[in-house]
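Spelled out, the chains give:
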Amino acid sequence: MKKYLICGALTLLAAFQPLRADEGMWLPMLISQRIEDMQAHGFRLTAEDVYSVNQASLKDAVVLFGSGCTGEVVSREGLLFTNHHCGYGQIQQHSSVEHDYLKDGFWAMNRSEELPNPGLTVSFLERMDEVTDAVLKGYVPTMSEAQRDSVVKANSDVIVRQLTDPDKGVRASVEALYYANQYFLFVYKVYRDVRLVGAPPSSIGKFGGDTDNWMWPRHTGDFSIFRIYADKNNEPSDYSEDNIPYTPKRFFTVSRAGVKEGDFTFVYGCPGSTKEYVISDEVRYVGEISDPQKIALRTQRLDIQKKYMSQDQAVRIQYSSKNAGVSNAWKKWQGEEKGIARLKTVAAKQDFERRFSVWAAGTRYEGLVERLHELYAQREPVYRAYEYYTETVRTVELLQFASNVASALQGGRPVDALAEIFYKDYFQPIDEEIFVAMLEAYDRQMNPGYKPAFFREKLASYGSVEAWRDDLFSKSLFTDRARVLALKEADLEAVKADPAYALYDAFYQWYREDIQPVITRLDRDIRLAYRDYMRAQMEFEPDKDFYPDANLTLRVAYGHVAGYSPSDAIYYAPVSTLMGIMEKDNPDIFDYDIPQALRDIYAEGGHDGQPVCFLATNHTSGGNSGSPVINADGNLIGINFDRVWEGTMSDLVFDPDYCRNISLDIRYLLFVTKEIGHADWLFDEMVFAD
Ligand code: ARG
Ligand code: GLU
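Here's what I pulled together on the structure shown here. Predicted, not measured: the structure shown is a model, and the values here were computed from it.

## Details of the site of ligand 2
Logical step 1: Neighbouring residues of ligand 2: His85, Trp214, Thr620, Ser621, Gly622, Gly623, Asn624, Ser625, Phe641, Asp642 and Arg643.
Logical step 2: Between a nitrogen atom of ligand 2 and a main-chain N or O atom of Phe641, the distance comes to 3.0 Å.
Logical step 3: The side chain of Arg643 places a nitrogen or oxygen atom 2.6 Å from an oxygen atom of ligand 2.
Logical step 4: Here the element with the most residues in the shell around ligand 2 is strand 17 (residues 636-643); it accounts for three residues.
Logical step 5: Residue composition of the shell around ligand 2, grouped by class: two nonpolar, seven polar and two charged.

Shown next as structure tokens:
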């Protein structure tokens, strides 16, 4: 009787529970295990529609764009959408003072105007397979880890070699998932003639800039449009005038019906890296040591850059991209640090580890957590020094440049191209100030044991970092463009005697000899322990569904459109509109200065409700940029481009209340393409569901 009551109460609870956010990045090949849950959330397609090797499925319309973003095919003629920030490099390469496509946007008005991008590829996943047995063939448990590694490598090489076919653009790779408890084969078809078709002006595609990055409310038109070309047989080919638009097996139909809170959403893309199954020590290191120390160092660098950028328009342009790069992770880490603290993830994991250890007593997993604790204790000081080094000494531009020039000379490569790129965007006062701030921080924060002898001795002889700076920047040949341009291979010795090179090299040698080998050994031991710990967690919690950590392979994340409450008494609605752009519009603030054309269109009236971006609960990560966001019927409703910063700890721990991905509403892409780009000729080849 009592039991029935409880069941009844649970059913009632379930019925009234609002839909919660949805942790998980699932393997498409195994989606049949999730499809019932997806359907319960509103999805109306089948597992075969999502992933199939027998027929065209949605996966055939998704690509890995370049080597770190996702894209989606949207027409029978190879038209492709991704983010503006994913196509940024290509748009920039085609830009010049006469044609500033970054600033003004670019729109091909017919196929012949589409611009080739040497080096850019898109990779279609042909199929994936579990190959654990084949990869471990010949392995016996009595073997050492080194022997296991060689078995794995030899078997994987055979599999990859058999399938790879450069002539047909076929690339294969064997990936270890679940910390090498399972191995999966991924076979890709790589197309390498991918042309730029359209991009909005940055004042739309990057609207809000770093001010709004990782934040809601968001109004960024973060899209760019490309087209895949193939040879006459629809096969991958280098760029050629004879190539023709690629005919996909499948492309996305576009929905203009719009989204509202609660709607089912499905993000199909390539998240780069997560670590959901690590022990408390790793989370503590990230949240309490690594993030705070890196944030503090980057705050100093960003402040120095901003000070000079606000004084001089030319410097602002020189440093805008560098500044954005520094700021992107800086902001993400702040959310990660806060999220880990808010969720008390360290304590929760410690509690889990206690229960786990009780269960593990007497099994082969006994002592495993303790072993991991021990390895982390050894790794922490070295890893901290390594991260400090990369965030300080390695960020001084002159030192890095000195090293690049030396390797060019050593390799017999010309230095002029290198030098042009460097000096175009170099402002010495910023670098000098960063030199002082970073070296002083290093001196203050590192134990003497982690200070290279060269560093200690030089600093002692100069008496201060400032005196060191004065001497280095006045004597280094690298501050003098003409001297660098005149360098010949024979000058290598002089280059190596330069104070900038000497400092760079002393730290680098110290890193190579004292730091890197220790980290490599400990990381290897930690990885091995995680192989057991991963398997053990699965045995400990047999009813839990474990998705593999992200590794840039194709994943399915599903959820629903949802707002959130970032803090007390605030609720963020999930859809932003053009009205919000107008509210932010300000010609005096670079990040919020929209094109006049957009102001004019708005002034005509009737566009207040034009949707721009929306929030949803999909579990995404870096690499999911450009991913198609699709509705319950599999139609394209948006393009993923960001997460909210309060939820960025989802790379380690997912919080249904705070984790939200940010997508461009596909209707804003259509609006901008037509009204700003006048490129609605592209709509003729697209198929609209409604
Ligand atoms: N935060 C997004 C990502 O991690 C967008 C970055 C590009 N935008 C920018 N304002 N920096 O890639
Ligand atoms: N903007 C990120 C990217 O380029 C996606 C944001 C995230 O980390 O979720 O992949």
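On we go from here.
## Remarks on the site of ligand 1
Logical step 1: Neighbouring ligand 1 are His85, Lys206, Gly209, Asp210, Asn213, Trp214, Asn328, Phe641 and Asp642.
Logical step 2: In the model, a nitrogen atom of ligand 1 is placed 3.2 Å from a nitrogen or oxygen of the Asp210 side chain.
Logical step 3: One of the side-chain N or O atoms of Asn213 is found 2.8 Å from a nitrogen atom in ligand 1.
Logical step 4: Surface burial for ligand 1 is 83%, taken as the share of its 340 Å² of free accessible area covered by protein chains.
Logical step 5: Counting only elements with at least two residues in the shell around ligand 1, the list comes to helix 9 (209-212) and strand 17.
Logical step 6: By residue class, the composition of the shell around ligand 1 is two nonpolar, four polar and three charged.

## Here we look at the environment of Gly208
Logical step 1: Summarising the element assignment, Gly208 is placed in the loop between helix 8 (202-205) and helix 9.
Logical step 2: A relative accessible area of 0% means that Gly208 is categorised as buried.
Logical step 3: For Gly208 and Gly221, which are 13 residues apart along the polypeptide, the C-alpha to C-alpha distance reads 9.7 Å.
Logical step 4: Sequence-distant contacts of Gly208, that is, excluding residues within four places in its chain, are made with Asn213, Asp591 and Tyr592.

## Focus: the packing of helix 12 (residues 345-360) against helix 21 (residues 499-540)
Logical step 1: Two elements in contact, helix 12 and helix 21, have axes whose closest approach is 11 Å; the angle formed by their N-to-C orientations is 80°. By the angle between their directions, the pair helix 12 and helix 21 is classed as roughly perpendicular. Contacts from Phe352, Glu353, Arg355, Phe356 and Trp359 in helix 12 reach Tyr533, Ala536, Gln537, Glu539 and Phe540 in helix 21.
Logical step 2: Class assignment of the residues belonging to the contact of helix 12 with helix 21 gives a composition of six nonpolar, one polar and three charged.

Calculation rules
Residues numbered from 1 in each chain as written. Chains lettered and ligands numbered in written order. Predicted model: local features only at pLDDT ≥ 70, side-chain atom pairs only at ≥ 80, totals over all residues. Heavy atoms only, no water. Near = heavy atom within 4 Å. Polar contact = N/O pair within 3.5 Å; in protein donor to acceptor, adjacent residues only side chain to side chain. Helix = DSSP H or I, 4+ residues; strand = E, 2+ residues; numbered from the N terminus. Nonpolar A, V, L, I, M, F, W, Y, C, P; charged D, E, K, R; others polar. Areas by Shrake-Rupley, 256 points an atom, 1.4 Å probe, with all protein chains shown as cover. Buried < 20%, exposed > 50% of the residue type's maximum accessible area, 1.4 Å probe, protein only. Contact = heavy atoms within 4.5 Å. Axes fitted to C-alpha atoms, helices over the stretch in contact; angles between N-to-C directions. Parallel < 35°, antiparallel > 145°, perpendicular 65-115°, else oblique.

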